[in-house]
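Letter by letter, the chains look like this.
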Amino acid sequence: MTTTTTPSTTSAHGPLTTREPAIRIVGLRKSFAHVEAVSGIDLLIEPGETVALLGANGAGKSTTIGMLLGTITPDSGSVLVEGRPPRPAVAAGRIAAMMQDTGLMPGVSVRELVCLTASFYSDPADVDEVIGAAGLREAARRRVDRLSGGQAQRLRFALVAVANPAIMVLDEPTRAMDVQARADFWSSIRSFAATGRTVLFATHYLDEVDGNADRVVVMARGRVIVDGTPAELRSRSGVSTVCFRTNDDDDRDALARLDAVADVARIGGRVVLRTSDPDRTVRSLVASGVTWHDLEVAPPSLDDTFLELTQERS
Ligand SMILES: Nc1ncnc2c1ncn2[C@@H]1O[C@H](COP(=O)(O)OP(=O)(O)OP(=O)(O)O)[C@@H](O)[C@H]1O
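Positions within a chain are numbered from 1, following the residues in the order the chain's sequence is written. Local features are withheld for residues below a pLDDT of 70 in this predicted model, meaning they are given only at 70 or higher, and side-chain atom pairs are given and counted only at 80 or more; totals for whole chains, interfaces and linings count all residues. Based on all heavy atoms of the structure, the side-chain values leave hydrogens and waters out of the count.

Now for the overall build of the protein chain. In terms of regular secondary structure, the protein chain is built from ten helices and 13 strands. Taking the principal axes of the C-alpha coordinates as reference, the protein chain spans close to 75 × 45 × 35 Å. For the protein chain, the residues scored as buried account for 50% of the 314 residues in total. By definition, residues are in contact when any of their heavy atoms lie within 4.5 Å. In the protein chain, once contacts between residues fewer than 6 apart in sequence are set aside, the share between residues at least 24 apart is 70%. Here the Shrake-Rupley method, with its probe set to 1.4 Å, supplies the accessible areas, and only the displayed protein chains count as covering residues. For the protein chain, the accessible area works out to roughly 14600 Å², and carbon and sulfur atoms hold 50% of it. Under the convention used here, Asp and Glu are negative, Lys and Arg are positive, and both His and the chain ends fall outside the count. Lys charges are placed at NZ, Arg charges at CZ, Asp charges at CG and Glu charges at CD. Each charge sign in the protein chain was given a centre, from 34 positive and 40 negative side chains, and these centres are 5 Å apart. Helical segments are the DSSP runs of H or I of at least four residues, strand segments are the runs of E of at least two, and each set is numbered from the N terminus. With a 1.4 Å probe rolled over the protein chains alone, any residue whose accessible area is under 20% of its type maximum counts as buried; one over 50% counts as exposed, and the rest are partly exposed.

As structure tokens, then:
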């Protein structure tokens, strides 16, 4: 994807924001046979927010998204999209979703399929702008069944963007994309969000949260266990790392005895200490007589925090 076009600041179907919350979920529950997939969720998302929905496999993300779009009926609780039930909001084009592995009509070109989808809406976004924003300009004449996995995902994004919705829901949108395609894709999403639209995306890639989401909602076993900014999420973890190079023979026991150290690893010629208190660990490292250089102290990573939080609940 080389060019990113800025989407229009008005949705075809009305103003981008309303005085109602974009999404209001209260006491939502859903069971399948003996599995309680969603166990009482409350969530308020204001217009213009970009929210990441995280959770291990089976945490209940897709079921929640299904209820948000009206494709799954809740057992109890309520979902309102801009103050109304999901189905009318979807029918009015106020909310549109890119779901995992949605089938794409074979035998037509990318542009034809985007045009066809645009024709379903009374006042869609500009087809060529959307194709450009999705990074599909060069593939516009290619047949849909001949696209790479990453291009097919970008086409799914284009089919949502052409609806020109005020709220976009993306379920693991960057699956099958390579690193460059993911970076370009997020640049398109940020342009979309910058026009005041609301974005809710589910992902397993925690590196996508930083820089793309204002807020992170973590689910485990059908419940919301954390709701805050990426920085707040990180501050929930007590685990930082202290890394350095050493000329000494590796004395793991001595390193493991340093204050507050949880574990010791050697990665790429560097010692990596995971610690609950990096200041105390560094002070005891200095006092220990171990020779060290190129010292680095890193705050908790989102991956560590996520694993700690979700493992606590399993
Ligand atoms: N149609 C269904 N029938 C039976 N069980 C289901 C159905 N849909 C979901 N489940 C179960 O509900 C739980 C939550 O599933 P869900 O797909 O919502 O999780 P998820 O967080 O989206 O997972 P993933 O990250 O793997 O997509 C899982 O235990 C799943 O097996």
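On to the site of the ligand. Near residues are defined by distance, with any heavy atom within 4 Å of the molecule or strand qualifying the residue. Neighbouring the ligand are 14 residues, the closest being Asn 57, Gly 58, Lys 61, Ser 62 and Thr 63. The side chain of His 204 places a nitrogen or oxygen atom 2.9 Å from an oxygen atom of the ligand. Protein chains bury 62% of the 630 Å² of accessible surface belonging to the ligand in isolation. Of all the secondary structure elements, the ones that give two or more residues to the shell around the ligand are β2 (35-45) and α1 (61-69). With three residues, α1 is the single largest residue contributor to the shell around the ligand. In protein, a polar contact means a hydrogen-donor-capable atom and an acceptor-capable atom, both N or O and within 3.5 Å, with residues adjacent in sequence counting only if both atoms are side-chain atoms; elsewhere, any N or O pair within 3.5 Å suffices.

The next thing to look at is the confidence of the model for the protein chain. Across the protein chain, pLDDT averages 86, with 92% of residues at or above 70. Across residues 1-9, where pLDDT falls below 50, the model places 30 contacts with residues more than four positions away in sequence or in other chains. Overall fold confidence for the complex sits at a pTM of 0.79, while the interface term, ipTM, reaches 0.97. Along the chain, pLDDT gives the predictor's confidence residue by residue, from 0 to 100.

This part takes up the domain arrangement of the protein chain. Here the domain parsing of the protein chain yields domain 1 (23-234) and domain 2 (238-300). Here the limits of each domain have been adopted from an automatic or database domain assignment. Put simply, the middle of domain 1 and the middle of domain 2, counted by C-alpha atoms, are 41 Å apart.

Here we take up unusual backbone geometry. The phi torsion at Glu 82 lies on the positive side, around 50°, for a residue other than glycine. Tracing the backbone shows Glu 82 in the loop between β4 (76-81) and α2 (86-91). Residue classification places Glu 82 among the buried positions, given a relative accessible area of 12%. A positive phi angle, close to 55°, is found at Asp 294, a residue other than glycine.

Any carboxyl oxygen of Asp or Glu that lies within 4 Å of a side-chain nitrogen of Lys or Arg is treated as forming a salt bridge with it. With the rule as written, the count across this model stands at twelve salt bridges. The structure contains a network of salt bridges with shared partners spanning Glu 49, Arg 215 and Asp 227.

Within the secondary structure, Leu 43 is located in strand β2. Given a relative accessible area of 8%, Leu 43 falls into the buried group. A C-alpha to C-alpha distance of 22 Å links Leu 43 and Tyr 205, two positions 162 residues apart in sequence. When near neighbours in sequence (up to four residues on either side) are disregarded, Leu 43 contacts Ile 23, Arg 24, Ile 25, Arg 215, Val 217 and Asp 227.

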